[in-house]
Amino acid sequence: MTSPPSASLEFVVRTIAQTAVDNEREFGELDAVVGDGDFGYSLARGFEIVLAEWDTYDRSEPSVFLQKIALTISKRVGGTSGPLWGTAFLRAAAAVKGKTELTGQDAVAMLRGAAEGIKKRGNSDVGDKTLLDALVPMTDAIAVQLAADPSAPAPEVAKVAAGAARAAADATTSMQAMRGRASYTGERSIGSPDAGAVAVAVMAERVAQTWAGSVSS
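None of these values were measured; they are calculated from a predicted model.

Caption draft 1: Representation of the overall build of the protein within the structure. Scanning the protein for helices and strands turns up nine helices and zero strands. Secondary structure of the protein in N-to-C order comes out as α-α-α-α-α-α-α-α-α. Its C-alpha atoms give the protein a radius of gyration of 16 Å, within 12% of the compact-globule value 17 Å for 217 residues. Considering only C-alpha atoms, the protein reaches an extent of 55 × 40 × 35 Å along its principal axes. Of the charged side chains in the protein, 21 are positive and 26 negative, and the gap between their average positions amounts to 4 Å.

Spelled out as structure tokens, the structure:
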């Protein structure tokens, strides 16, 4: 019998998926301020399928598990979100290919791989007012925390990640959108946070809250 991927990886991915479903309306309303408003719907529909198919995914290796998630998202999430989030999971999978156990440094490698994939697929970068503006600072904060304390407990690292993601997502409010439909509105995009960046923050916060709760219980 093959060994499963790290339980923490499954926990994080499942929490991300459930958060996308639970916050469909909120993410959609935020996207509608300067976008087409389909972000919340598209993300929720794709991750609903991830949850429905959860028990069927190959868990022989973390990379294989993530590849299956990536395939589901790419095929089932509509709009621009499908290619971007699918690429993120695919590049995360590539970062840990061949590994059966994951470390904190592997988590950083997966997140950096995801960010680089999004940059290339979306022709975007930090400062363009996209989810990268929360994902990259969050990853940097995790890397700094682990460099300072390589044995830091996962819930503690998750709390740091959530705080960094939230601060970075809030900071997108003053930015002008340079990519996506929101960029068509020019300066009108200034004054509201980016929906993708907020989604990253909310997901990170849910991971931190749930992890802390599971440890205390």
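Text resumes after the structure shown.
Caption draft 2: View of the layout of surface pockets. Estimates place the volume of the largest pocket at around 910 Å³. Considering the residues around the largest pocket, the lining is formed by 34 residues, among which Val12, Ala107, Leu111, Met138 and Ile142 are closest to the centre. Those elements giving two or more residues to the lining of the largest pocket turn out to be α1 (7-22), α5 (81-95), α6 (104-122), α7 (132-148), α8 (154-171) and α9 (195-216). Looking at which element gives the most residues to the lining of the largest pocket, the answer is α6, with six residues.

Caption draft 3: Looking closely at the pattern of salt bridges. Tallying each qualifying case throughout the model produces eleven salt bridges. Between Asp22 and Arg206 there is a salt bridge, and its shortest N-O distance comes to 3.2 Å. Pair noted here: Asp22 is in helix α1 and Arg206 is in helix α9, with a separation of 184 residues, a long-range link. In this structure Asp22 comes out as partly exposed when scored by relative accessible area, which is 40%. Across the pair Arg166 and Asp170 runs a salt bridge whose closest N-O atoms are separated by 3.6 Å. A residue pair is termed a helical-turn pair when its members lie 3 or 4 positions apart in one helix, as Arg166 and Asp170 do in helix α8 at four residues. One network of salt bridges, with partners in common, ties together Glu24, Arg45 and Glu48.

Caption draft 4: Just the environment of Asp128, in detail. Considering the arrangement of structural elements, one finds Asp128 in the loop between α6 and α7. On the accessibility criterion, Asp128 (14% relative accessible area) is buried. For the pair formed by Asp128 and Met178, sequence separation is 50 residues and the distance between their alpha carbons is 4.8 Å. Ignoring any residue separated from it by four or fewer positions in sequence, one finds Asp128 in contact with Asp133, Gln176, Ala177, Met178 and Arg179. Within the structure, Asp128 has its side chain in polar contact with the backbone nitrogen of Asp125 (distance 2.9 Å).

Caption draft 5: Structural detail: α5. Counted at 1.5 Å a residue, the expected span for α5 with its 15 residues is 21 Å, and the 21 Å between its end C-alpha atoms agrees. For α5, the complete set of buried residues consists of Ser81, Gly82, Leu84, Trp85, Gly86, Thr87, Ala88, Phe89, Ala92 and Ala93.

Caption draft 6: Region of the structure containing the packing of α1 against helix α3 (residues 39-52). Put simply, α1 and α3 touch, their axes get as near as 8 Å, and they point 135° apart. When the axis of α1 is compared with that of α3, the two are oblique. Two packed elements cross with a definite hand, and for α1 against α3 that hand is left-handed. Listed contacts from α3 to Arg14, Ile16, Ala17, Gln18, Ala20 and Val21 of α1 are Leu43, Ala44, Phe47, Glu48, Val50 and Leu51. Here the residues of the contact of α1 with α3 are counted per class, giving nine nonpolar, one polar and two charged.

Caption draft 7: Quick peek at the packing of aromatic side chains. For the structure shown, the criterion picks out seven aromatic pairs. An angle of 90° between the planes, with centres 5.5 Å apart, marks the rings of Trp54 and Phe65 as edge-to-face. You can see Trp54 sitting in the loop between α3 and α4 (62-76) and its partner Phe65 sitting in helix α4, a full eleven residues away along the chain. Like Phe65, Trp54 is buried.

Caption draft 8: Layout of unusual backbone geometry. Although it is not a glycine, Asn123 sits at a positive phi angle of roughly 50°. Structurally, Asn123 is set in the loop between α6 and α7. Even without being glycine, Lys129 reaches a positive phi, approximately 65°. With respect to the helices and strands, the residue Lys129 is situated in the loop between α6 and α7.

The rules behind each value
Residues numbered from 1 in each chain as written. Predicted model: local features only at pLDDT ≥ 70, side-chain atom pairs only at ≥ 80, totals over all residues. Heavy atoms only, no water. Helix = DSSP H or I, 4+ residues; strand = E, 2+ residues; numbered from the N terminus. Rg over C-alpha atoms; globule rule 2.2 N^0.38 Å. Lys, Arg positive; Asp, Glu negative; His and termini not counted. Charge placed at Lys NZ, Arg CZ, Asp CG, Glu CD. 1 Å grid on protein atoms, 1.4 Å probe; cavity = no way out; pocket = protein on both sides within 12 Å on 5 of 7 lines; lining within 4 Å. Points joined across faces, edges and corners; volume = space filled by probe spheres on them. Salt bridge = Lys/Arg side-chain N within 4 Å of Asp/Glu carboxyl O. Buried < 20%, exposed > 50% of the residue type's maximum accessible area, 1.4 Å probe, protein only. Contact = heavy atoms within 4.5 Å. Polar contact = N/O pair within 3.5 Å; in protein donor to acceptor, adjacent residues only side chain to side chain. Expected span 1.5 Å × (residues − 1). Axes fitted to C-alpha atoms, helices over the stretch in contact; angles between N-to-C directions. Parallel < 35°, antiparallel > 145°, perpendicular 65-115°, else oblique. Left-handed = near helix turned anticlockwise from the far one by under 90°. Nonpolar A, V, L, I, M, F, W, Y, C, P; charged D, E, K, R; others polar. Phe/Tyr/Trp six-rings, centres within 6.5 Å; stacked < 30°, edge-to-face > 60°.

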